[in-house]
Amino acid sequence: MCAGPLLRLLEAVDRHPDGATLVGLARETSLGLPTVRRLAEILEIEGYLQCQDGGWVLGGTFALLGQHNREQLVKARLNRKLAELRDELGAAVYFTRYHDGELSVEAVAAADYAPAVQEWVDFRATAHASAIGKCLLSQLDADGRRDHLSRHPVARLTSRTVTDADQLMHRLERQPATVPVLDIQEYALGTVCAAVPITAGSTVGCLATSMPVDNIHKLRAAAELLAARAAPLILAMAV
C-alpha cells in the first residue's frame, strides 16, 4: 500500500489553515469522496487531523513530530498498532524493512497465545523461503534481487522450500503488488505466514503474520486484514 493518498490529503488540509470540507478536499486531491472520508477518519483517530466547525485542520500530533522524541513516538505508535493487530488476528504480527541490502525485523507483536516464529535459521539469510523475505525481494528491481541472492544463496530449509534460483526470480518478478505473499511451511515445518507490502517514500517494508499450519484456513483472511490495517503504519513512517 502506498502513502501517496494520505500525504496528498494532509498537504491539501495544510493549505487551508481555517479548515477545509471533505467535498473540497476530494476535488482538490482528485480523490473520491468516499476515499477522502475514509482517510480523514483514519487520520483523525491517529491525531493528524481534527474537525472543527465543520472544517478539517491539522491535528495536534504534528506538534510532537519536530521534537527530539520523534523516533520514540513513532516506535511507540508502531508497537501499539502491531499489538492491536495481534489481538485482532490472534496471531503474531511483524513489521520488517529491507535496509542497506539486508532484511531487518523492526518490530514484533507476539504473546503466549500468538507465538512468534522461532528463528532457527537467520531471517537475513533465508529471505527466499519466508513470506517476509519474498515480499521484500518482490519490491526490489531485478539487479537488487540478484545482488541479494548472490550474498544469500537459496538453500533447502524444508521439503517445500523453492531452491531453484531462476524459478524464484521468476515468481518474484510476477508477484502482483496487491496480492499477499505466502509461506506455506517453506521456512519452518508447522508454520504458515503471509505478508503484504508497505511503501512509504524510500522505505521497502512489509507487514506480516504467522500462525500454526492447523490455522491455514485463516491465512488468506488474515492477510487481507493486514492490508486493510496498513494505512496507520504507513502514516507513522511517512510523516
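Residues numbered from 1 in each chain as written. Predicted model: local features only at pLDDT ≥ 70, side-chain atom pairs only at ≥ 80, totals over all residues. Heavy atoms only, no water.

Enquirer: It is not clear to me how the layout of surface pockets should be interpreted in this structure. Could you clarify?
Expert: Unoccupied space between atoms shows up once a probe the size of one water molecule is rolled over them. Here the second largest pocket is characterised by a volume of approximately 210 Å³. Around the second largest pocket, the lining is made up of 13 residues, and of these Lys134, Arg171, Gln175, Val181 and Leu182 lie nearest the centre. Among the elements of the structure, helix H6 (131–138), helix H8 (165–174) and strand E5 (181–184) are those that each provide at least two residues to the lining of the second largest pocket. In terms of residues, the lining of the second largest pocket owes the most to one element, H8, which gives 3 residues. In terms of residue class, the lining of the second largest pocket is made up of 7 nonpolar, 2 polar and 4 charged. (1 Å grid on protein atoms, 1.4 Å probe; cavity = no way out; pocket = protein on both sides within 12 Å on 5 of 7 lines; lining within 4 Å. Points joined across faces, edges and corners; volume = space filled by probe spheres on them. Helix = DSSP H or I, 4+ residues; strand = E, 2+ residues; numbered from the N terminus. Nonpolar A, V, L, I, M, F, W, Y, C, P; charged D, E, K, R; others polar.)

Enquirer: Would you mind showing me how to read the packing of helix H7 (residues 142–151) against H8 here?
Expert: Two measures define how a pair of helices packs: the angle their axes make with one another and the distance between the axes. With their axes 11 Å apart at the nearest point, H7 and H8 run at an angle of 145 degrees to one another. Like other packed secondary-structure pairs, H7 and H8 cross with a definite hand, here right-handed. Between H7 and H8, the residues in contact are Ala142, Arg145, Arg146 and Leu149 and Leu168, Met169, Leu172 and Glu173, respectively. Of the residues that constitute the contact of H7 with H8, the class distribution is 5 nonpolar, no polar and 3 charged. (Axes fitted to C-alpha atoms, helices over the stretch in contact; angles between N-to-C directions. Left-handed = near helix turned anticlockwise from the far one by under 90°. Contact = heavy atoms within 4.5 Å.)

Enquirer: Help me understand the nonpolar core in this model?
Expert: The biggest cluster of nonpolar side chains holds 42 residues, and the ones touching the most others in it are Leu25, Leu49, Leu82 and Leu207. Each residue touching leucine 207, except ones within four places of it in the same chain, is listed here: Leu82, Leu85, Val93, Tyr94, Ala194, Ala195, Val196, Ile198, Leu226, Ala230 and Leu233. In this structure, Tyr94, Phe123, Ala131 and Leu140 belong to the second largest nonpolar core, which totals 28 residues. (Core = buried A, V, L, I, M, F, W, Y, C linked by side-chain atoms within 4.5 Å. Buried < 20%, exposed > 50% of the residue type's maximum accessible area, 1.4 Å probe, protein only.)

Enquirer: Is there a simple way to think about the environment of alanine 223 in this case?
Expert: Summarising the element assignment, alanine 223 is placed in helix H9 (residues 219–228). Overall, alanine 223 belongs to the buried group, its relative accessible area being 0%. For the pair alanine 223 and alanine 194, spaced 29 residues apart in the sequence, the C-alpha separation amounts to 5.8 Å.

Enquirer: When you look at H6 in this model, what are you seeing that I'm missing?
Expert: Residues three or four positions apart in an α-helix share a direction because the helix packs 3.6 residues into each turn. Among the 8 residues that make up H6, 8 are buried, leaving the element largely enclosed by the rest of the structure. Among all positions in H6, only Ala131, Ile132, Gly133, Lys134, Cys135, Leu136, Leu137 and Ser138 are buried.

Enquirer: Even after reading the chapter, I still don't get the pairing of strand E4 (residues 102–109), so can you show me in this structure?
Expert: Remark: a regular strand shows side chains that alternate across the two faces of the sheet. Pairing geometry for strand E3 (residues 92–99) and E4, over 7 bridges, is antiparallel. Along E4, the bridge assignment pairs histidine 99 with glutamate 102. (Pairing = 2+ DSSP bridges.)

Enquirer: What's the story with the pattern of salt bridges in this structure? I'm lost.
Expert: Side chains that differ in sign of charge can pair as their charged atoms come close. With the rule as written, the count across this model stands at 11 salt bridges. For arginine 86, the salt bridge identified is with aspartate 87, shortest N-O distance 3.0 Å. A relative accessible area of 16% places arginine 86 in the buried class. A relative accessible area of 44% means that aspartate 87 is categorised as partly exposed. Several salt bridges converge on common partners, so that one network encompasses Arg80, Lys81 and Glu84. (Salt bridge = Lys/Arg side-chain N within 4 Å of Asp/Glu carboxyl O.)

Enquirer: What is the right way to look at the packing of aromatic side chains in this model?
Expert: The relation between two aromatic rings is expressed through the spacing of the ring centres and the mutual angle of the planes. Inspection of the entire model under this criterion finds 2 aromatic pairs. A centroid spacing of 6.3 Å and a plane angle of 55 degrees characterise the contact between tryptophan 120 and tyrosine 187, whose relative ring orientation is tilted. With tryptophan 120 in the loop between E4 and H6 and tyrosine 187 in the loop between E5 and strand E6 (191–200), this residue pair connects regions lying 67 residues apart in the sequence. Its relative accessible area of 46% is what places tryptophan 120 among the partly exposed residues. Classification of tyrosine 187 by relative accessible area gives buried; the value is 3%. With 5.3 Å between their ring centres and 45 degrees between their planes, phenylalanine 123 and tyrosine 187 make a pair best called tilted. In this pair, phenylalanine 123 is assigned in the loop between E4 and H6 and tyrosine 187 in the loop between E5 and E6, connecting sequence segments 64 residues apart. For phenylalanine 123, a relative accessible area of 18% translates into the label buried. (Phe/Tyr/Trp six-rings, centres within 6.5 Å; stacked < 30°, edge-to-face > 60°.)

Enquirer: Looking at this structure, how should I read the environment of leucine 89?
Expert: Examined against the element boundaries, leucine 89 turns out to sit in helix H5 (residues 70–89). Through-space distance from the C-alpha of leucine 89 to that of leucine 219 is 9.8 Å; in sequence the pair is 130 residues apart. For leucine 89, the contacting residues outside a window of four places in its chain are Thr209, Ala222, Leu225 and Leu226.

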